[in-house]
Amino acid sequence: MNNWKNEQVLIVGGGIGGLTAALALERQGIPSQVIEQAAEFKEIGAGIQLGPNVFWMLDRLGLIAPVSALAVFPNNLVMRDSITGEEVTRISLGDAFRKRFHHPYALIHRADLHNVLLDACRNSNLIRLDASQKVVDVKEAADGITVKTASGRDYRGAALIGADGLWSTIRQIVVGADQSKPAGHITYRAVLPTSDVPEKYRWQDMAFWAGEKVHLVLYPLRTGELFNLVAVFHSNRYEEGWDSFGDPAELHERFASTCEPVRMLLNKIESWRMWVLCDRPPIKEWSRGRITLLGDAAHPMLQYLAQGAGMSIEDAVCLADKVVAANGDYASAFRAYQQARYLRTGRVQIMARIYGEFYHAGGVAKELRNMMLGSRTPEDAASGMEWLYGRQAELMSGAAASS
Ligand SMILES: Cc1cc2nc3c(=O)[nH]c(=O)nc-3n(C[C@H](O)[C@H](O)[C@H](O)COP(=O)(O)OP(=O)(O)OC[C@H]3O[C@@H](n4cnc5c(N)ncnc54)[C@H](O)[C@@H]3O)c2cc1C
């Protein structure tokens, strides 16, 4: 396998996961071809949170500086009660947090993060990017993979990474037609110019109000130019869907009993985009021969730990390391990659569901939650996050061994 780095890897999907995979391979001298179905490489207009665990990976990719230049670094994570408006708990993200987890907690516009990745890909002569190409078929041979797109184009590579999201075509080939699982939760997202947010709510925090079957998230983006709003409520009315317009009347009805600041903020938005939240139960194997999955295609999760994109970034770094360690034996590299990743990503998938229940608790469960969270010391809170953000996260990502 002397010249294995001469042959490209095919990556289906040019979202955060797919582009990061291309960069992680590129950093190891491995060429790739990214194939994206949309007419352009782009992300939706909403915010994304990046925990310190993601910064371990950005460090490996040499991307801390461009991401940090566009990010907001909030002072606190703050949870309030959506009915009384009272603070339930607060985690300071200042010096002690950064020291403990070695990296900060950041908020960034998705388009900005995606553009940093896209620019880095475009600046590399090892990465080729094609839009408007929907992969519809995959052929495996002993020495490589060929994919066919809806427009009739064929691409050939030494291996294939399916980074094609929740409704992954490549997953159907590797894992079979397992259905995604609607959580019965709906998300409405919007961004507000800061001038529309009353001054007393322009917190430099990742803040949210949690209530029975609802919550609202508010945080600043783009060095304070914008605020990101994410409203979540329970509803089984919808089929699976992604990025369609929401019905403000239903939203206002669900939040009718929440406190004044929550209703005031919801009233500021005229046009919401709606998502029907889905995940899948964790699986242990998502590779077959020279084909593997990454990001939401492998382990889609609810957003309650704000880690779906983070996990795809960790996947990418781990995967590239395993390819190098296996000296281009893709089948064995992909087995090693999924082995290194499935417990970590499975834990985040399971915990995200539990956190969703926790945030949306009512009655005694809510009282218990408020009591437990309210009585934590800062040390308790930080220890509780160690598995996700700490050194252990870097180890579990499978990326530490060669760093
Ligand atoms: C409301 C909400 C809030 C969230 N907040 C956070 C957060 O704060 N932090 C965080 O880390 N994560 C968050 N997430 C999760 C995060 O958005 C996803 O986990 C992440 O975007 C997954 O990236 P991906 O690249 O795996 O998939 P996607 O972003 O879904 O990208 C898949 C790409 O593949 C393309 N594609 C699909 N099929 C084909 C095909 N057949 N051929 C070619 N191309 C194809 C698609 O067009 C798309 O560009 C949130 C999610 C939601 C819904």
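What you see is a predicted model; the values in this text were computed from it and never measured. (Residues numbered from 1 in each chain as written. Predicted model: local features only at pLDDT ≥ 70, side-chain atom pairs only at ≥ 80, totals over all residues. Heavy atoms only, no water.)

## Describing the pattern of salt bridges
Test applied: Salt-bridge detection follows one rule: a side-chain nitrogen of Lys or Arg within 4 Å of a carboxyl oxygen of Asp or Glu. Strands here are runs of E lasting at least two residues and helices are runs of H or I lasting at least four, both read from the DSSP assignment and numbered beginning at the N terminus.
Inspection of the entire model under this criterion finds 19 salt bridges. In this structure, the salt-bridge partner of arginine 110 is glutamate 43, at a minimum N-O distance of 3.5 Å. Of the two residues, arginine 110 sits in helix α5 (residues 110-122) while glutamate 43 sits in the loop between β2 (32-35) and β3 (47-50), which places them 67 residues apart along the sequence. Salt bridges sharing partners connect three or more residues here, namely Glu314, Asp315, Arg341 and Arg344.

## Section: the side chain of arginine 341
The test is simple: Two N or O atoms count as a polar contact when they lie within 3.5 Å, although within protein this holds only if one can serve as hydrogen donor and the other as acceptor, and sequence-adjacent residues are included solely when both atoms are side-chain atoms.
One can find arginine 341 in helix α10 (residues 330-359). One polar contact links arginine 341 to glutamate 314, side chain to side chain, over a distance of 2.9 Å.

## Some remarks on a nonpolar patch on the surface
Threshold: Note on patches: the residues involved have over 30% relative accessible area and no salt bridge, like charges join within 9 Å, and the nonpolar side chains Val, Leu, Ile, Met, Phe, Trp and Tyr join within 5 Å. Computed by Shrake-Rupley with a 1.4 Å probe, the accessible areas treat only the displayed protein chains as cover when residues are assessed.
Taken together, Leu368, Met371 and Met372 make up a surface patch of nonpolar side chains, about 310 Å² in accessible area. Tracing the chain through its elements places methionine 371 in helix α11 (residues 363-374).

## So, the sheet that holds strand β8 (residues 135-141)
Quick reminder of the rule: One bridge is not enough; two strands pair if DSSP finds at least two bridges between them. Fitting a line to C-alpha atoms yields each axis, with helices limited to the stretch in contact; the angle taken between N-to-C directions then spans 0 to 180 degrees.
Read across the sheet, three strands follow the order β8-β9-β10 without closing on themselves; strand pairing throughout is antiparallel. Edge positions in the sheet fall to β8 and β10 (154-157), since each has one partner strand and no second. Here the average twist between neighbouring strands, direction ignored, is 20°. With six bridges joining them, β8 and strand β9 (residues 144-149) adopt antiparallel strand pairing. Paired with valine 138 across the two strands is valine 147, which belongs to β9.

## Re the pairing of β9
In summary, the side chains of a regular strand alternate between the two faces of the sheet. The antiparallel hairpin formed by β8 and β9 contains two residues in its connecting segment. Across four bridges, the pairing between β9 and β10 is antiparallel. Within β10, the residue paired with threonine 146 across the bridge is arginine 156. Hairpin remark: β9 followed by β10, antiparallel, with four residues in the connecting loop; positive phi at glycine 152, about 95°.

## Thoughts on the sheet that holds strand β7 (residues 127-130)
If you trace the six strands from one edge of the open sheet to the other, you get β7-β2-β1-β11-β19-β18, paired in mixed fashion. Each edge of the open sheet carries a strand with a single partner, namely β7 and β18 (287-288). Where strand β1 (residues 9-12) meets strand β11 (residues 159-162), four bridges bridge the pair, whose relative direction is parallel. Looking across to β11, one finds that leucine 10 is bridged to leucine 160.

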